[in-house]
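Listed below, chain by chain, are the residues.
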Amino acid sequence: MYQVLIADDHPLFRRALSDALDETGIACSSSECEDFYQVLQTVGQQAIDLLLLDLRMPGNTGLMGLMRLRAEFPQLAIVIVSASEDRMVIEQVRQLGALGYIQKSSTIAGISQALAQVMEGKLSFPEFTGQPQDDTTARLSQMTPQQLRVLQLIAEGALNKQIGYTLNIKETTVKSHISDIFRKLNINNRTQAALIVQQLEIPD
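Residues numbered from 1 in each chain as written. Predicted model: local features only at pLDDT ≥ 70, side-chain atom pairs only at ≥ 80, totals over all residues. Heavy atoms only, no water.

**As for the side chain of Ser 124**
Considering the arrangement of structural elements, one finds Ser 124 in the loop between helix H5 (108-119) and helix H6 (135-140). Contacts of Ser 124, omitting those with residues within four sequence positions, involve Leu 99, Gly 100, Tyr 101, Ala 114, Gln 117 and Val 118. (Helix = DSSP H or I, 4+ residues; strand = E, 2+ residues; numbered from the N terminus. Contact = heavy atoms within 4.5 Å.)

**A word on the environment of Ala 193**
Within the secondary structure layout, Ala 193 lies in helix H10 (residues 190-199). Residues Ala 193 and Gln 92 lie 101 residues apart in sequence; the distance between their C-alpha atoms is 18 Å. The residues contacting Ala 193, other than those within four sequence positions of it, are Leu 151, Ile 154, Phe 182 and Ile 187.

**Points about the sheet that holds strand E1 (residues 2-7)**
Pairing in this open sheet of 5 strands is parallel, and the strands run E2-E1-E3-E4-E5 from one edge to the other. The open sheet has two edge strands with one neighbour each: strand E2 (28-33) and strand E5 (100-103). In this sheet, neighbouring strand axes are inclined to one another by 20° on average, regardless of whether the strands run parallel or antiparallel. Pairing of strand E4 (residues 77-82) with E5 involves 4 bridges; the strand directions are parallel. Bridge pairing links Ile 80 to Tyr 101 in E5. Against the sheet, helix H4 (residues 87-95) makes contact with E4 and E5, and its axis sits at roughly 150° relative to E5, the strand it touches most. (Pairing = 2+ DSSP bridges. Axes fitted to C-alpha atoms, helices over the stretch in contact; angles between N-to-C directions.)

Here it is as structure tokens:
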């Protein structure tokens, strides 16, 4: 039986996703989370086959949450659910390894069809594709989970000592991570790093 985790901060949409799962006719059991911290905890402790992830839920900074999950749990199947219909966002989600993208404007039948496709081992994205590959997204996908956390803390304005304290690592290790981050992203200062993270936020 498929173990599905529905991660969305809106109860009505969690219900809609649950109803759509029922309509697939595929045997599955679902649980729910309403913030990103619960997602990390649940995925780390339970055998989840499929995660339905809202890009704008509390604790999730746009695409950073997806990147972190893909880095820490590479075998986890993830489908993004979002109100955004931005083609570049959808292409970035595809590049980062999600198996599908469901727009919240979709009907229950449409959502159910998309979920069934993914649960049968296929990809499910809106028909319009062909956006140019985003080089920054490709570079970000090469980072380790720890580097992604350091990048996020840099964007929040944390100093090396604060980053070390938060992640329980030495300041020299922080400096090493920052050097690797700058090299992978082809940047040379914290301001540029913060701007990249800002670009990963999903527009309303």
